[in-house]
Structure formats: structure tokens, C-alpha cells
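Inside the fold
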Amino acid sequence: MTIAAQPMLEISARSTVGSRVVLRAQGLRKAFGGQRVLDDLDLILHEGEVVLLRGENGSGKTTLLNILTGNLEPDTGTIEYLADSTPRSYSFPRRWWQELNPFDHFTPEFVAREGIGRTWQDVRLFGSQSLRDNIAVAKPGHSGENPLVALLAPARANSREGAFNSQADAMLARLGLAGREQSSGDMVSLGQSKRVAIARAVVAGAKILFLDEPLAGLDRKGITDVLTLLESLVREAKLTLVIVEHVFNFVHLHHLVNVHWMLESGRLEKNHAEPIPQIDSIDGIPVTIAAPSWFSQLAGSPEHVTSERLPRGATLTRTRRPDHWKPEAKPVLEIKGLIVNRGARSVIGLDEHGDPNGFDLTLHQGEIAILQAPNGWGKSTLFDALCGNAPIKRGTIAINGSTVESTPPWIRAQTGLAASPSAAKLFPSLKVSEVSRLSPHSSSTGSIPFASRTISSLSGGEKQRTLLRMALPDSGMPQLVLLDEPFAMLDDIATRQAVEAIIGTQPHHAILFLIPANHSFS
Amino acid sequence: MNYLLHLLVYFDIYVIVALSLNLIVGYCGMLTLAHAGYYAIGGYTYALLALNLGWGFVPAVAVAMLVCAVLSLAVALPSWRLRGDFFVLGTLAVQALIFSAIYNWSSPDTPLGSWKNLTNGPFGITGIPRPSIFGWTPASPLSFTLFATVVAGSCGFVLWRLQRSPWGRLLLAIRDDELAARGLGKNTRFIKIQAVAIASSIVAVAGALYASHVRYLDPSSASLDEGILVLSMVIVGGLGNFKGPIVGAFVLIALPELLRFLSLPDTQAANLRLLIYGLLLVLMMHFRPNGIAGAYRVQ
Ligand SMILES: Nc1ncnc2c1ncn2[C@@H]1O[C@H](COP(=O)(O)OP(=O)(O)OP(=O)(O)O)[C@@H](O)[C@H]1O
Ligand SMILES: [Mg+2]
């Protein structure tokens, strides 16, 4: 097949985009046990393109990324990597004797050497190493990585090492991380680690970079920082990007993207025409408060909405369901003077100057609250403290009137806490049906979607939906429903369904959302 | 005095074992039970070459290292596919294989070291000669101790330099996140083979040192108990840095010796010591999950 035979995938006419083809895939098919995810998919990528890959939850975006980066073999098809001077092509299914040739494997490391890089949604920095090492280790062709050289000619390895380290430091300075060279990979904020992960892939020689949800979970500053980095890479290094991102973040990518791919029923549709959905018009109601658009859907009418500023850049927005709001009854959640430490440092309960003065929050029946806070504010710490997974230093937490700060997590669940942690914490090897039986609230006998699948085989959005379904209590006493970034990986339909599901719960529950303070402001 | 020197030699030997094991467990994140097997293979190779062919220490150890490096593929290759508990089980199989090969490779009426009677089975090898280093033989306890310390020091130096090199850093990166390292174009499989081969050939030196010190070798040095003992050393001491295994080797050698001074009833002494070991390990894991001086915790 020639390029001309695929007019649908012709590139858009932006001056920065060259015409050199850097990646071509044809006839890709992938099925998981009968479910066809990719169905005869063709794609072409030209140098300098910035592609936004969209698609509903479960449409196969991650699967496509995994295939193109060598992490997963397609059932059939061909892939040609043409980004660097030594093109290489693979056709599938591969013959068994090809596996015997040690120089011809279809694995992440071989594909990476063709100039393909990727970042993961869960970042995956080398946690025990400094940021400098995280970047320096990526450099290809380091003679010091040969143990004989390292042992017998340390001088040679060291001079190389010195050069690489100063390059890594320069790179960190460009990322705005000067002075953080020695911070270890698991000690930096999400936004910082995402930038380091991108830089690491570039240092490893990526000419085409696949980014799986690079903006997810970031606050406004994190998003700006990552976008600035991506822009400069496209402009200066002529990098080709393929970005998977969800609806909330489309707005930010607007200026960068010049090609749109839509993954639908296993194929790529290319549609320039369709405008990027604007975040503040999901449900047609203009959003006037400093809250994500789905909030207006939750709130119903804006009269009952109040917003208050919390120290260090956080906002607490509340709304209530008028008929069920019972300020006179015992509050569902009452936090007083809470201080929580992580290590030696206090995280929760700080005032504007960083002095501990305690965190207060009261939620009544029928109340919905959204805590928006920047990365590093301590949302996860607060979540852990409420669930009983992080020890608290001072203060009290009461759920439905009984103090719980010294009770273990399972007792808190019985007292009326329904918490939905981030999707990464689901038991990966259990089946969905098994996990749903573990959930204390699953009295629902109806059919469970994906019941016989293991958690690890679900797509990001499917996992998130499963999680939410299990966290929402369907009846019984008033509960505190605690949701940690419940819509992070959902597309707009799924988000709307999730909001409906949340509204559909017993209205006397109190619901607390924890989300990054970001982009969703309007 | 001789008793102390003897302990010092033991310490030297186990420092080599623990440091090399740390390269596999602490730096690659691969929990292996087979390391004592390679220790024994090193000892037997040295013993046979020195006893039957009259080889000196250096060439015999060189061959022992080579043998162990090649045989280490039995640990490195399964790590490509097996993870976690399955990998541990795989190394348990390798350990059992090595032990039973040493235990059974004998035949009563053929001479020791022949193809039919390579190891003399359960009876072990006696009369292993003292090491001869280009004609010099450390005959006195003091000179042997010095010799063992120099050998341990050089092994330690090699490992120290490797661990601090870019190669060591790459190992840590692979341990932290193998898939991310592969995504950067690193041939992680090959590097794991290198690390396991280096660790196994260095533990062969410890085996040879042991054989030439005790001058007797039997299959128990390849036993599971031995494997667990050396694993305890690195875990108690701490994984993933240089001093942890040294501390662990010291503690686990010094402790039973100190327990000797408690006048335990003879009949139960051995069992009591085991009990105290066990207790120590449990307490250890509870209060210092990273080991006494460690930087990394096995999952
Ligand atoms: N290992 C697997 N076994 C079975 N089914 C799988 C497996 N991996 C993915 N799938 C299924 O393939 C489909 C595509 O999954 P994929 O992760 O590519 O979706 P996605 O487009 O990335 O979705 P999301 O937006 O939710 O992340 C999903 O329906 C998913 O359930
Ligand atoms: Mg996905």
C-alpha cells in the first residue's frame, strides 16, 4: 500500500510539519479473547507532527501505544520504524525462528533504539535514584555500562560520566529543576516527575514520543510546565509527539496539536473539522463558579453553591441537596484541628505560612464538597488519614458522631466511610466479580460489567468506573463518600454517567471529592 | 588467638558471599536461594583442581570462577520470565539440583575426581591442600588470615567499584522499574546475566577460600540451610548498599559465637541458637525492615 492510497491519513498543512514519514503501521489487528480492539488499523506519522489521539474509554488507545512502543505484539500487521538512519520493520505474526535471532526482537528496548520513546501515565521514574541519575542513566552508549570498562578503565568511564552528568544537570535546569539534582525520584511532585520522565525519554534518543495522559492529575502549574516543555521540544528538537489525553485537558493542548486521530471501532478516523470539545459546555450549562464543569451537573442549581479559600492554594466548594440537607443532625464528617505528618514534615493542617494550626472540615447529610488543591498540598495524605492508613498527629475525626481517629480502617468502613482510592490501588490479579464481593456496599445483585475479567486487564477508564461503582453505597445509613480523583481517566460520556451515578446515590450521604486544582476552572 | 583468627577467616569468606549475593538480591532485586550452590561449586572446583591436578590457587580459582559464571545462567535465564515468588521457586530448584548433583555424583570404586566419582558424594573431599600462590603457601594461621583478608578486600573492591559505576546505577534502575529501563533502550536481560555471572564467579572465590581453609568439603556447603544463612546475612545487614552485607555477615558470624559464652546446656545448644536466630530475624524485620544498614527492601 502506498501513502497516496490513504488520503484519510494525510497530514495537515502546518509549516512546521515535514513530509518525511517516520512511522508507518498497516493492517494492525489485536483482539483480547475474541474482543476486537484494533481492527485493520493503518497509520502514518510524519516528522514534526503533534498528534492528539482520542477515543472513548476502552477504545484501545493504550493498546495501540503499547503495540507501537514494542510492549505488546499485535496479532497481525506490519510496523515500520523510519525515524532514524537505520529503518527497521516488523511484520506480525512473527515466526518462531525470528525469536532465535538475538538481533531481531520486537521488544521495548529494540523499538526504543529506533528512536521511539514513551511516558507512562503512572510516570515510573527510578524511585531510588536522584533526578540527575534518572536522566543520566537514559543516555545511550555509555561505556561505563560495560562492567569490564567500569572495572578496568574507570578513568574512561568517569570522564564519560562527568560529561553526562553535566548534560543531565543542564537538562534539569531547563526543566526548572536546578538545585534539585540530588532529590530522589520518588520525592518530587507529580508535575516535576512528569517533566523528568519526558526529559529522560528525550535523552534516551526519542525522536517520536508517545505520551499516555501526560497532563492527568496535574494542577494548573504542572500543566503549564509540561506544556512549555513539550512546546520547546517540538520547536527545537523537532520531536514528533503522539499524545493520549482526556476531555478535560483538550483545551490546554489546543495550540500544540496539529493532527487529530480518533480511535473508533478499531480504526483511526482523522477529523480536523470537529472542534475540540470545550470543557465548560459539557452539559450546556455555563459554569460560573470556580469548579469543574461536572460540578454544575452535580449541583443542579447554583444558588446553593459556596466556595471558600483554604490555605496554600486550595479551594473548598460545597453544594447541598436542598431537601436532604440536615444541618441540625449529627454531621457525617467532622474534622477538627487535624494535623498529619508525612515523615518529619507536617502536610495537612498548615496555614498560609506553613505553620501547623490544624485543618477543620464539617460535612452534613446531603452535602457535596469538592476539595481542589495543587499537587503536593496533601490530598492523598488527607485521604489516607481519613481512611486510617496514615497516622494523625493531632486533632479529631468523627464520622456520624463517633470519633474514629484511633480506629482501624475496617471499623471506619463500618462506621460509615465509603472510600474510593485511586485506580492503581485495586487488587490487580483479582477478578472484577471477586473485588466487588469484597466491597462492603455491594448488595447489588444486578449484572456487573467485566465480571469475569481481571482488574489488570481493564483499561484505565474501565478500572476507574469499576472502582466508583464499588465505592458508592446504595442504601443504609448516611455515609461519608470519599472520592479521590474519580473522573481522572474518564471520557465525557463516562464522566456524565459517573456523575449521574453519584447523584443517584442516597441523597443523605455526604460526598467529598479530592481533585487537583487545575484546568477545570473556567 | 587461633580461634579469633579462625573467626576472622570465616568473616572474610562470608563477607565475599554476602557482598556478591547483594549484587543479585539488592541490586537486581532478584531473591535467590541458589547462591550457596555456586559457593559450593566454586569450592569443589578449586578442591578438585588443587588436589588432583596440583594446580595453584590462582589458576584453580580462575577456572572455578569461569565454571560458576557459566552455570549462573541457570539463575539468570529464568529471571527473564519468572517474577517474584516464582523466581524464588526457580532458584530453589536450581539449589536442589546443585545439591543433589554434588551429593550423588559418586561411585565407591572409582577414584575421586574421575568422571564417575566427581564429588565423592556425601563423604566429601578430604585433604584439600593449602593454597599455593605462585609458590608461596600461607601455612600459619596468621598468614592465612592475612591472605584471606587480602582476597576478601580485593573482591570487595571489585564489587564496590562496580556498584558505584554507571553499570551499577543501571542495575538499580532496572531493579526500580525494568519496563521503564527497557523503554529507554536498555538491554536489561543481558545486564542481569552479567550481574548474576559476576556475583556467581565472585562467590566461587569464597568457596575456594573456604575449601583451602577447612581443607575438607562436603555437600552441606550447598545445602538450603547455607543458602538461607547467607540470605539472612544480607537481609539482616541490609540490601542495596555496600556496608549492609558486611554488617550482616559480622552479626550472623559473631552472634552464634557470642551465644557460645552463654552456658547453654550442650544438648540443646544448637536448637536454642537456631531459636535465637529466628527470633532475631523476626525482630529485625519488624523494627528495621530495611536491615541494619540497608537501602532497599525486597518485596
Ligand atoms: N490484557 C487484556 N485482556 C483482556 N482485555 C484487555 C486487555 N487489555 C486491554 N483489554 C481490553 O481492550 C480494550 C482496550 O483497552 P485500552 O486499555 O487500550 O483502552 P483505552 O483506549 O486506553 O481506554 P482508557 O481511555 O480507559 O484508558 C478494553 O476494552 C480493555 O478492556
Ligand atoms: Mg488507557
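If you're wondering where the values come from, they're calculated on a predicted model, not measured in any experiment.

Residue and element names in this part refer to chain A. Residues in close proximity to ligand 1 total 18 residues, the closest being Thr-62, Thr-63, Arg-453, Gly-461 and Glu-462. Here an oxygen atom of ligand 1 and a side-chain polar atom of Asn-57 are 3.0 Å apart. Protein chains bury 86% of the 640 Å² of accessible surface belonging to ligand 1 in isolation. Listed by contribution, the elements that provide at least two residues to the shell around ligand 1 are strand 2 (35–46), helix 1 (61–68) and helix 13 (460–471). Taken together, the residues of the shell around ligand 1 break down into two nonpolar, twelve polar and four charged. The residue makeup of the shell around ligand 1 includes at least three contributed by each of domain 1 (14–127 + 206–278) and domain 2 (291–516).

Here the focus is a nonpolar patch on the surface. Side chains of Tyr-3, Leu-4, Leu-258 and Phe-261 of chain B sit close together on the surface and give an oily, nonpolar patch of about 470 Å² of accessible area. Of all the secondary-structure elements, those providing two or more residues to the nonpolar patch are helix 1 (2–27) and helix 11 (243–261) of chain B.

Let us now look at the domain arrangement of chain A. Interfaces are often described in size by the accessible area the parts lose on coming together. Residue and element names in this part refer to chain A. You can read the domains of chain A as domain 1 (14–127 + 206–278) and domain 2 (291–516). Contact with domain 1, which involves twelve residues of that partner, is made by 19 residues of domain 2. For the pair domain 1 and domain 2, the summed buried area comes to about 1,200 Å², and 49% of that belongs to carbon and sulfur atoms. One can count zero salt bridges joining domain 1 with domain 2. The tally of links between domain 1 and domain 2 comes to zero residue pairs in polar contact (both at pLDDT 80 or more). Residue classes in the side of domain 1 that touches domain 2 are distributed as three nonpolar, six polar and three charged.

With that settled, the discussion passes to the side chain of Ser-221 of chain B. All names here are of chain B. Residue placement: Ser-221 occurs in the loop between strand 2 (216–217) and helix 10 (224–237). In this structure Ser-221 comes out as buried when scored by relative accessible area, which is 7%. Here Asp-218 takes part through its backbone oxygen, which lies 3.2 Å from a polar atom of the side chain of Ser-221. In contact with Ser-221, other than residues within four places in its own chain, are Ala-36, Tyr-39, Ala-40 and Glu-226.

All names here are of chain A. In terms of burial, strand 2 is a largely internal element, nine of the twelve residues being buried. Pairing analysis gives eight bridges linking strand 1 (residues 21–32) to strand 2, with the strands arranged antiparallel. By the bridge assignment, Ala-31 is partnered in strand 2 with Arg-36. Counted along the chain from strand 1 to the antiparallel partner strand 2, the turn is two residues long, and its residue Gly-33 has a positive phi close to 45 degrees.

Another aspect to go through is the confidence of the model for chain A. Residues and elements named next belong to chain A. When the pLDDT values of chain A are averaged, the result is 80; 86% of them are 70 or greater. In the predicted structure, residues 1–16 sits below a pLDDT of 50 and forms 31 contacts with residues beyond four places in sequence or in another chain. Low pLDDT, under 50, characterises residues 276–291; the stretch is placed with 36 contacts to residues that sit more than four places away or in other chains.

Here is what the cut-offs are and how they apply
Residues numbered from 1 in each chain as written. Chains lettered and ligands numbered in written order. Predicted model: local features only at pLDDT ≥ 70, side-chain atom pairs only at ≥ 80, totals over all residues. Heavy atoms only, no water. Near = heavy atom within 4 Å. Polar contact = N/O pair within 3.5 Å; in protein donor to acceptor, adjacent residues only side chain to side chain. Areas by Shrake-Rupley, 256 points an atom, 1.4 Å probe, with all protein chains shown as cover. Helix = DSSP H or I, 4+ residues; strand = E, 2+ residues; numbered from the N terminus. Nonpolar A, V, L, I, M, F, W, Y, C, P; charged D, E, K, R; others polar. Domains from an automatic or database assignment. Patch = residues over 30% accessible without salt bridge, like charges linked within 9 Å, V, L, I, M, F, W, Y side chains within 5 Å. Salt bridge = Lys/Arg side-chain N within 4 Å of Asp/Glu carboxyl O. Contact = heavy atoms within 4.5 Å. Buried area = accessible area lost by both parts, 1.4 Å probe. Buried < 20%, exposed > 50% of the residue type's maximum accessible area, 1.4 Å probe, protein only. Pairing = 2+ DSSP bridges. pLDDT = per-residue confidence, 0-100.

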